[in-house]
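Topology and contacts: notes
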Protein chains: 2
Amino acid sequence: RLLFGTSGDGGARPLDLPVEAHSAAAERRFELQGHRFEAAPEQLRQPRLVRVGLIQNKIPLATDAPVTEQVTALHERIKEIVEVAEMCGVNVICFQEAWTMPFAFCTRERLPWTEFAESAEDGPTTRFCQKLAKQHNLVVVSPILERDAAHGETLWNTAVVISNSGSVLGKSRKNHIPRVGDFNESTYYMEGDRGHPVFETQYGKIAVNICFGRHHPLNWLMYSLNGAEIIFNPSATIGKLSESLWPIEARDAAIANHCFTCAINRVGTEVYPNPFTSGDGEPAHHDLGYFYGSSYVAAPNGSRTPGLSRTHDGLLVAEMDLNLCRQVSDKWNFKMTGRYKMYAEELAAFVQPNFVPSVIRE
Amino acid sequence: RLLFGTSGDGGARPLDLPVEAHSAAAERRFELQGHRFEAAPEQLRQPRLVRVGLIQNKIPLATDAPVTEQVTALHERIKEIVEVAEMCGVNVICFQEAWTMPFAFCTRERLPWTEFAESAEDGPTTRFCQKLAKQHNLVVVSPILERDAAHGETLWNTAVVISNSGSVLGKSRKNHIPRVGDFNESTYYMEGDRGHPVFETQYGKIAVNICFGRHHPLNWLMYSLNGAEIIFNPSATIGKLSESLWPIEARDAAIANHCFTCAINRVGTEVYPNPFTSGDGEPAHHDLGYFYGSSYVAAPNGSRTPGLSRTHDGLLVAEMDLNLCRQVSDKWNFKMTGRYKMYAEELAAFVQPNFVPSVIRE
């Protein structure tokens, strides 16, 4: 009860999903979980029930398979999970970070990994997701490695948001890039330059805080100040590095920002052809470590769903009444009491070369 | 292991405390816990071991006892716990929020509660703490209700920081004031006007984020950007309102800011002479709810100590190597990757009357 916050004003409860969805998931060998978050009835607003789907998965092929085969296998795997999401009435679905490729940035090699980069606007994966979105009538959040041909072939870590109409709504770029352990991502791409866009969909206002941005409370905050009711956090992170932080960060962000957050991590170990070192004194090796899955949804009242498995592909379906966001905000008032003008000034002072910390000495 | 983050680079381990301290604690009827956090050895810096003490306690007398008797009883209770803290080698000690009084703001009555307010500089409680600090050679963080006679008799929720030399280092005021449930504190005092001071003591740089500021990630951040290595969060909060948030927030702040955080809550139920309502449709009643204790310390690597009891007075002693803060910062680099200039600009835009959220529509 205390662990998952089911006390007080409503935690996650089980959500019944169709028998055929459970059978299909079992047949296709992935875990299926259903949960729901309720809100109090209001007089002027109807409940705004949205079903969100989180997908976590292993890479189906070895990392030395031809690029096109790897991408195609991933498309196929996702397609068969999304079909089950539709059976479960999912309205918005999000895949894991850089979902069309192994998380190969640990290698610091260019080819073949940069060949996985695609145009966000009309690459093969975006076209694939447009079909999915239209066919299954759901909004798709598709985090990919983006190649921006119009801006000097720059690579970005980008989430493409596709409306359930099939049209590309826009994209959101990873704002904070790690330089930690094997996450040598700053070798490949830079900090996002698109600020904190929020996408107004038929199913609520959504935003995407990609991976390392989870550690930056200001990143969550700005999406929320722009109106996000659901913030997705597609990630790729390993047990040794972050597993004890995982249950804390996205959940704290849901609390602090009066919104729903959806933390998604990939699963399994990905083995690379060439050995590489990790800056930790250990011998060269062929893998980055174990991606521990454990995807979950947290609600503005601090409650959360259980996590998906540490070891299996999975689809987590969470029904949420988006009215809960404003209800919790009206109760706790973190934005009203946020004093953002003071912080804007203090942060502006902090970044000046002549900043003097406020320190009192005896 | 996953719950308290003892995996990876070092979690809290048991700290042996003297037998006489355990006996004295048992005799004086409070719980005593000891924990320690280690850091890796460095070449240029010696370990900077600091022992911090967190005290949580019930009010010893009924709320209708004469003001002076209540204050004196609290002074005596704290004194007998601080004596044990000295036996445990504590260097810095922090008491709970508004520790010299019942948390009476739920009543919305003035007298006698405003009579508990004192001068931060030379009130009886500050003088009492100066003696304690000098006698036991420890830094004292003393959160009180402050009466600021020099500024129109204004009341503030203030923490006074007293050096182990016995001199008053300065004070820090509560920056975010709740308007939630029975926490009608904005009836009594306003948001702090002293920014985010950090106190450089013989035992490291410390700061005080009082109670409701725990919900505001920017408040933690600014103390950290001013150099705080340990941030205390003296609180008064009840089970029905916040218990499922309690393990998340201060711990996330330790992670996000590469520092130690110390969350302190009072214990027990405080009963008031006159009935009051709570804005929740329930009948008038005489108490605010159950203060659930559960004080704990979180480390920059995301690990934490167990909590003190939900029901008993307690002293938690945590030995920490402050070198861990910079070690974790150098590993994760949240400040280096923080992009504070961007956020200063975005927050400055947000507070303008003509702010237009960044929303993308189909």
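Here goes a summary of the coordinates provided. Quick caveat: nothing in here was measured; it's all calculated off a predicted structure. (Residues numbered from 1 in each chain as written. Chains lettered and ligands numbered in written order. Predicted model: local features only at pLDDT ≥ 70, side-chain atom pairs only at ≥ 80, totals over all residues. Heavy atoms only, no water.)

Moving on, we get to the overall build of chain A. Scanning chain A from terminus to terminus reveals eight helices and 16 strands. The C-alpha atoms of chain A give a radius of gyration of 20 Å, which matches the 21 Å a tight globule of 362 residues would have. A principal-axis box enclosing the C-alpha atoms of chain A has dimensions of 65 × 55 × 40 Å. Across the 362 residues that make up chain A, the buried fraction comes to 63%. Here the analysis covers contacts within chain A between residues at least 6 apart in sequence; of these, 71% occur between residues at least 24 apart. Taken as a whole, chain A presents about 13,000 Å² of accessible surface, with 53% of it coming from carbon and sulfur. In chain A, 35 side chains carry a positive charge and 42 a negative one; their mean positions are 4 Å apart. (Helix = DSSP H or I, 4+ residues; strand = E, 2+ residues; numbered from the N terminus. Rg over C-alpha atoms; globule rule 2.2 N^0.38 Å. Buried < 20%, exposed > 50% of the residue type's maximum accessible area, 1.4 Å probe, protein only. Contact = heavy atoms within 4.5 Å. Areas by Shrake-Rupley, 256 points an atom, 1.4 Å probe, with all protein chains shown as cover. Lys, Arg positive; Asp, Glu negative; His and termini not counted. Charge placed at Lys NZ, Arg CZ, Asp CG, Glu CD.)

Interface size is commonly expressed as the accessible surface area that is lost when the partners come together. Tallying the contact residues gives 70 residues for chain B and 70 residues for chain A. Summing both sides of the interface, chain B and chain A together bury roughly 6,600 Å²; the carbon and sulfur share of this comes to 65%. It is Trp332, Tyr343 and Ile360 of chain B in chain B that bury the most area against chain A; as a group they hold 11% of the surface buried on that side. Viewed at the interface, chain A and chain B are joined by two salt bridges. Notably, a salt bridge pairs Glu200 of chain B with Arg361 of chain A, separated by 2.8 Å at the nearest N-O pair. At the surface where chain B touches chain A, the tally comes to 34 residue pairs in polar contact (both at pLDDT 80 or more). Residue contributions to the side of chain B that touches chain A peak at nine residues, all from helix H8 (residues 340–350) of chain B. When the residues that make up the side of chain B that touches chain A are grouped by side-chain class, the tally is 34 nonpolar, 22 polar and 14 charged. (Buried area = accessible area lost by both parts, 1.4 Å probe. Salt bridge = Lys/Arg side-chain N within 4 Å of Asp/Glu carboxyl O. Polar contact = N/O pair within 3.5 Å; in protein donor to acceptor, adjacent residues only side chain to side chain. Nonpolar A, V, L, I, M, F, W, Y, C, P; charged D, E, K, R; others polar.)

To continue, consider the pattern of salt bridges. Residues and elements named next belong to chain A. Tallied over the full model, the rule gives 50 salt bridges over all chains. Note that Glu229 and Arg48 form a salt bridge whose closest N and O atoms lie 2.6 Å from each other. Note that Glu229 is positioned in the loop between helix H4 (217–225) and strand E10 (230–235) and Arg48 in the loop between strand E2 (31–37) and strand E3 (49–56), a separation of 181 residues in sequence. Glu229 sits in the buried class, given a relative accessible area of 14%. For Arg48, a relative accessible area of 30% gives the class partly exposed. Close ionic contact of Glu345 with Lys341 constitutes a salt bridge, the shortest N to O distance being 2.9 Å. Residue Glu345 and its partner Lys341 are located together in helix H8 (residues 340–350), separated by four residues, close to a single helical turn. What makes Glu345 partly exposed here is its relative accessible area of 47%. Through salt bridges that share partners, Glu121, Glu146, Asp148, Lys171, Arg173, Asp193 and Arg194 make up one connected network.

Another point: empty space enclosed by the protein. Scanning all chains against the criterion turns up five cavities of 30 Å³ or more. Counted as a void, the largest cavity has a volume near 300 Å³. Lining the largest cavity are 27 residues; nearest its centre among them are Pro217 and Leu218 of chain A together with Pro217, Leu218 and Leu221 of chain B. Of all the secondary structure elements, the ones that give two or more residues to the lining of the largest cavity are H4 and helix H6 (246–257) of chain A together with helix H4 (217–225), helix H6 (246–257) and H8 of chain B. (1 Å grid on protein atoms, 1.4 Å probe; cavity = no way out; pocket = protein on both sides within 12 Å on 5 of 7 lines; lining within 4 Å. Points joined across faces, edges and corners; volume = space filled by probe spheres on them.)

Glancing now at the layout of surface pockets. Residues and elements named next belong to chain B. Estimated volume of the second largest pocket: approximately 590 Å³. As for the second largest pocket, its lining consists of 23 residues, of which Gly181, Asp182, Lys240, Ser278 and Asp280 are closest to the centre. Every element with two or more residues in the lining of the second largest pocket is listed here: helix H5 (239–242) and strand E13 (285–292). Per element, the largest residue contribution to the lining of the second largest pocket is five residues, and it comes from E13. Residues that form the lining of the second largest pocket fall into these classes: six nonpolar, nine polar and eight charged.

Within the largest apolar cluster, 128 residues are counted, with the highest numbers of intra-cluster contacts made by Ile230, Phe232 and Met320 of chain A together with Ile230, Phe232, Phe260 and Met320 of chain B. Leaving out residues up to four positions away in the same chain, Met320 of chain B has contacts with Phe37, Arg48, Leu49, Val50, Val52, Ile230, Phe260 and Val297 of chain B. (Core = buried A, V, L, I, M, F, W, Y, C linked by side-chain atoms within 4.5 Å.)

So, about H6 of chain B. All names here are of chain B. Taking 1.5 Å per residue, twelve residues should reach 16 Å; H6 reaches 18 Å between its end C-alpha atoms and fits that length. Along H6, eleven of the twelve residues are buried, which leaves the element largely enclosed by surrounding structure. Within H6, the full set of buried residues consists of Trp246, Ile248, Glu249, Ala250, Arg251, Asp252, Ala253, Ala254, Ile255, Ala256 and Asn257. Within two residues after H6, His258 carries a phi angle of roughly 55°, on the positive side. (Expected span 1.5 Å × (residues − 1).)

Turning next to the relation of the copies chain B and chain A. You can overlay chain B on chain A at an RMSD of 0.0 Å; the transform is a turn of 180° with a shift of 0.0 Å along its axis. These values place the two chain copies in the arrangement generated by a two-fold rotation axis. Closest to the rotation axis within chain B is the C-alpha of Ala344 of chain B, separated from it by 2.3 Å. Take the interface residues of chain B: 99% of them recur as interface residues in chain A, which is what a same-surface contact looks like. (Least-squares fit on C-alpha atoms with pLDDT ≥ 70 in both.)

Residue and element names in this part refer to chain B. Reading across from one edge, E1-E2-E15-E3-E4-E5-E6-E7 is the order of the eight strands in this open sheet, with mixed pairing throughout. Of all the strands in the sheet, the pair left with one neighbour each is strand E1 (13–14) and strand E7 (168–173). The sheet contact formed by strand E4 (residues 92–94) and strand E5 (residues 139–148) spans three bridges and is parallel. What sits directly across from Ile93, in E5, is Val140. (Pairing = 2+ DSSP bridges.)

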